[in-house]
2 protein chains.
Amino acid sequence: MSAPEIEQLIQLLAKLPAFGPRSARRAVLHLLNKKESHFTPLMAAMKNVYDKIVVCPICGNMDTRAPCSICSDTKRNQAQICVVRDVADLWALERSGAFKGCYHVLGGVLSALDGVGPEDLKVQELLDKIAGGGIEEVILALPATVEGQTTAHYLADRLEGYPIKLSALSRGVPIGGELDYLDDGTLQMAFKTRRAV
Amino acid sequence: MSAPEIEQLIQLLAKLPAFGPRSARRAVLHLLNKKESHFTPLMAAMKNVYDKIVVCPICGNMDTRAPCSICSDTKRNQAQICVVRDVADLWALERSGAFKGCYHVLGGVLSALDGVGPEDLKVQELLDKIAGGGIEEVILALPATVEGQTTAHYLADRLEGYPIKLSALSRGVPIGGELDYLDDGTLQMAFKTRRAV
């Protein structure tokens, strides 16, 4: 068996998403074989992230500054709030370049199965932010899953009565989508909400 | 886009085997979300491995001590040397518990395609070790691939004339192997080298 130090590192790496014990072992050996060219810079990069990255107290994004670079960017529309499930989804929207407003990270979606209720998510924080004024539009950019849409419905209920425009991402055939590879639900939705050309 | 510190860590993680940019991003977010319970111990375990693990000057194994715990274990048979491609294969054999001798890590296999010649492997070190005396058997435990077997043939040639017993792992149907899932080469080999029952 390999040294306990190595076994412990393999165990911790194996708990990462997309890693298992086998790939973790390969990764550790790879790093030990490329100590100067890969292990050293990886250690430095991890320490950098560990020391410097903080959670933005306004939107929940992760950045080196608090408030984050999005919340503190005066060129972005502070009156538009896009509600996302997590930071990964926030970054995906940023990569798309589709949105120039600000965000609100919920921290998950409602799930009876996983025991996630409204009090486990940043729902009250969203209501407080809107009650604070200055918000014109709230865009729900939640996953198109049962749990994501349950959460969207719940939020729409809670946001009723506030003087804001409420919207959600449109649904349909994705760009490049082959019809015979799409699920029935998407096709039915795309038909029902078909638009005039 | 996320902070440059995070992007740099994602880039370095994505270069690990079994990781890509997408799973690296998920791993970084996972670590940031579980800072106390996972990121902190992972950083400590990495530093531990980085600081303490050295390459054994005798066999090429990786351990906290040099010579490694296998080479310095007097209960193991120092007269038997098992030649393996890399440390991952050495650990696999150790996990199997099949062998109680010592090892010699070649550091790869011969490959015309990848430009790996005998001078890139620890071949001379193996010959020197045998010339030093005290070795009775050399077991070639190289992969059953074209390159692994080319390397085994090459080593058998180079080891001719030395007063040692030379052997190699047996080949055939693996335990639990369904015949109709096995490749033709394995079946042919298993037939050709069939044994009396």
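Each chain has its residues counted from 1, running along the sequence as written. As a convention, the first chain written is A and the first ligand written is 1, with the rest following in written order. In keeping with the predicted nature of the model, local features appear solely for residues at pLDDT of at least 70, side-chain atom pairs appear and are counted solely at 80 or more, and the whole-chain, interface and lining totals rest on all residues. Side-chain calculation: all heavy atoms of the structure are included, whereas hydrogens and water are not.

Novice: Just to check I follow, could you spell out the overall build of chain A for this structure?
Specialist: Every helix listed is a DSSP run of H or I at least four residues long, and every strand listed is a run of E at least two residues long, numbered separately from the N terminus. In terms of helices and strands, chain A carries seven helices and six strands. It is over C-alpha atoms that the radius of gyration is taken, and the globule rule equals 2.2 Å times the number of residues to the power 0.38. Rg of the C-alpha trace for chain A: 21 Å, well past the compact-globule value of 16 Å for 197 residues, more than 25% over. Projected onto its principal axes, the C-alpha coordinates of chain A cover approximately 65 × 45 × 35 Å. Expressed as a percentage of its 197 residues, the buried residues of chain A come to 43%. Taking the contacts inside chain A whose residues are at least 6 apart along the sequence as the reference set, 46% of them involve residues at least 24 apart. Note on areas: these come from Shrake-Rupley sampling with a 1.4 Å probe, and a residue is covered only by the protein chains present in the view. Just so you have it, chain A exposes about 11100 Å², and 54% of that area is on carbon and sulfur atoms. For chain A, the distance from the average site of its 22 positive side-chain charges to the average site of its 23 negative ones is 7 Å. Partly exposed residues are those whose accessible area sits between 20% and 50% of the maximum for their type, while under 20% is buried and over 50% is exposed, using a 1.4 Å probe and protein chains only. Contacts: residue pairs with any heavy atoms within 4.5 Å of one another. His is not counted, nor are the chain ends; Lys and Arg add positive charge and Asp and Glu add negative charge. Here the site of a charge means NZ on Lys, CZ on Arg, CG on Asp, or CD on Glu.

Novice: Can you help me understand the nonpolar core in this one?
Specialist: For soluble globular proteins, the rule of thumb is that nonpolar side chains tend to be buried together. Nonpolar cores were defined as sets of buried Ala, Val, Leu, Ile, Met, Phe, Trp, Tyr and Cys residues, with membership established by side-chain atoms within 4.5 Å. Ranked by internal contacts, the top residues of the largest apolar core, which has 77 residues, are Ile6 and Met46 of chain A together with Ile6, Met46 and Tyr103 of chain B. In this structure, Ile6 of chain A is in contact with Val28 and Leu32 of chain A together with Val49, Ile53, Met62 and Trp91 of chain B, ignoring residues within four places of it in sequence.

Novice: Would you mind showing me how to read helix α1 (residues 4-14) of chain A here?
Specialist: Since the α-helix packs 3.6 residues into each turn, any two residues three or four apart lie on the same face. Listed in full, the buried residues belonging to α1 of chain A are Glu5, Ile6, Glu7, Leu9, Ile10, Leu12 and Leu13 of chain A. Contacts from the buried residues of α1 of chain A go to α2 (21-33) of chain A together with α3 (35-52), β2 (62-63) and α4 (87-96) of chain B.

Novice: Looking at this model, I keep getting lost on the relation of the copies chain A and chain B. Mind explaining?
Specialist: Both copies of the chain are placed relative to one another by a rotation about an axis and a shift along it. To superpose the copies, least squares is applied to the C-alpha atoms of every residue with a pLDDT of at least 70 in both. Mapping chain A onto chain B calls for a screw motion: a turn of 180° about the axis and a shift of 0.0 Å along it, with 0.0 Å RMSD after fitting. Here the copies are linked by what is in effect a two-fold axis.

Novice: Teacher, can you tell me more about the packing of aromatic side chains here?
Specialist: Remark: the centre distance and the inter-plane angle together describe each pair of aromatic rings, the angle taken between the planes. For this analysis, a ring pair means two rings from Phe, Tyr or Trp (six-membered ring only for Trp) whose centres lie within 6.5 Å, classed as stacked if their planes differ by under 30 degrees, edge-to-face if by over 60, and tilted for the remaining angles. Evaluated as defined, the whole model comprises five aromatic pairs over all chains. Aromatic pair Phe99 of chain A and Tyr103 of chain A: ring centres 5.3 Å apart, planes at 70°, arrangement edge-to-face. When sorted by exposure, Phe99 of chain A lands in the same class as Tyr103 of chain A, which is buried. Cation placement over rings: the criterion is NZ of Lys or CZ of Arg within 6 Å of the ring centroid and within 35° of the ring normal. Sitting over the ring of Tyr50 of chain B, Lys35 of chain A keeps its end group 4.6 Å from the ring centre.

Novice: Is there a simple way to explain the pattern of salt bridges in this structure?
Specialist: If charged atoms from side chains of opposite charge come close, those side chains can pair. Residue and element names in this part refer to chain B. When a carboxyl oxygen of Asp or Glu lies within 4 Å of a side-chain nitrogen of Lys or Arg, that pair is called a salt bridge. Under the counting rule described, the total for this entry stands at 10 salt bridges over all chains. For Asp51, the salt bridge identified is with Lys47, shortest N-O distance 2.6 Å. With a gap of four residues between them, Asp51 and Lys47 both fall in helix α3, about one helical turn apart. Here Arg76 makes a salt bridge to Glu94, at a shortest N to O gap of 2.8 Å. You can see Arg76 sitting in the loop between β2 and β3 (77-84) and its partner Glu94 sitting in helix α4, a full 18 residues away along the chain.

Novice: How do you make sense of the sheet that holds strand β6 (residues 165-168) of chain A when you look at a structure like this?
Specialist: All names here are of chain A. The strand order across the open sheet formed by four strands is β4-β3-β5-β6, and the pairing between neighbours is parallel. The sheet is open, and its two edges are formed by β4 (101-105) and β6, each paired on a single side. Averaged over all adjacent pairs, the angle separating strand axes in this sheet is 25°, with direction ignored. Strand pairing follows a simple DSSP-based rule, namely that at least 2 bridges must link the two strands. Where strand β3 (residues 77-84) and strand β5 (residues 137-140) come together, four bridges link them in parallel fashion. By the bridge assignment for β5, Cys82 is matched with Ile139. Only C-alpha atoms enter the line fits that serve as axes; for helices the fit covers just the stretch in contact. Angles between N-to-C directions range over 0 to 180 degrees. Contacts from helix α4 (residues 87-96) reach β3 and β4 within the one sheet, and its direction differs from that of β4 by about 160°.

Novice: Just checking my understanding: could you explain the interface of chain A and chain B for this structure?
Specialist: Size of an interface: often given as the accessible area lost when the parts come together. Counting residues at the interface gives 45 residues for chain A, matched by 45 residues for chain B. A 1.4 Å probe defines the accessible area here, and the buried area is the portion of it lost by two parts on being joined, summed over both. Note on chain A versus chain B: buried area summed over both sides is about 4900 Å², and carbon and sulfur give 77% of it. When residues of chain A are sorted by the area they lose upon contact with chain B, Met46, Tyr50 and Trp91 of chain A head the list and together hold 15% of the total. Counting across the interface, chain A meets chain B through zero salt bridges.

Novice: Please clarify how the state of the cysteines should be interpreted in this entry.
Specialist: Disulfide: a covalent bond formed between the sulfur atoms of two cysteine residues. Residues and elements named next belong to chain A. Our working definition of a disulfide is a cysteine sulfur pair at a distance within 2.5 Å. Counted according to the given criterion, the structure contains zero disulfides over all chains. Cys59 carries a free sulfur, and the closest cysteine sulfur to it, the one in Cys71, is 3.7 Å from it. Taking the relative accessible area as the measure of exposure, Cys59 reaches 2% and is therefore buried.

Novice: Would you mind going over the side chain of Ser23 of chain A with me for this structure?
Specialist: With respect to the helices and strands, Ser23 of chain A occurs in helix α2. Apart from the residues within four sequence positions on either side, Ser23 of chain A is in contact with Ala18 of chain A together with Ala18 of chain B.

Novice: How do you make sense of the sheet that holds strand β6 (residues 165-168) of chain B when you look at a structure like this?
Specialist: What links the strands of a sheet is backbone hydrogen bonding, and the strands pair in either a parallel or an antiparallel sense. Residue and element names in this part refer to chain B. The four strands are arranged β4-β3-β5-β6 in an open sheet whose pairing can be described as parallel. The sheet terminates laterally at β4 (101-105) and β6, the two strands that pair on one side only. The average undirected angle you get between the axes of adjacent strands in this sheet is 25°. Across the face of the sheet, helix α5 (residues 123-131) comes into contact with β3, β4 and β5 (137-140) while running at roughly 145° to β4. Here helix α6 (residues 146-159) sits on the sheet in contact with β3, β5 and β6, set at roughly 165° to β5.

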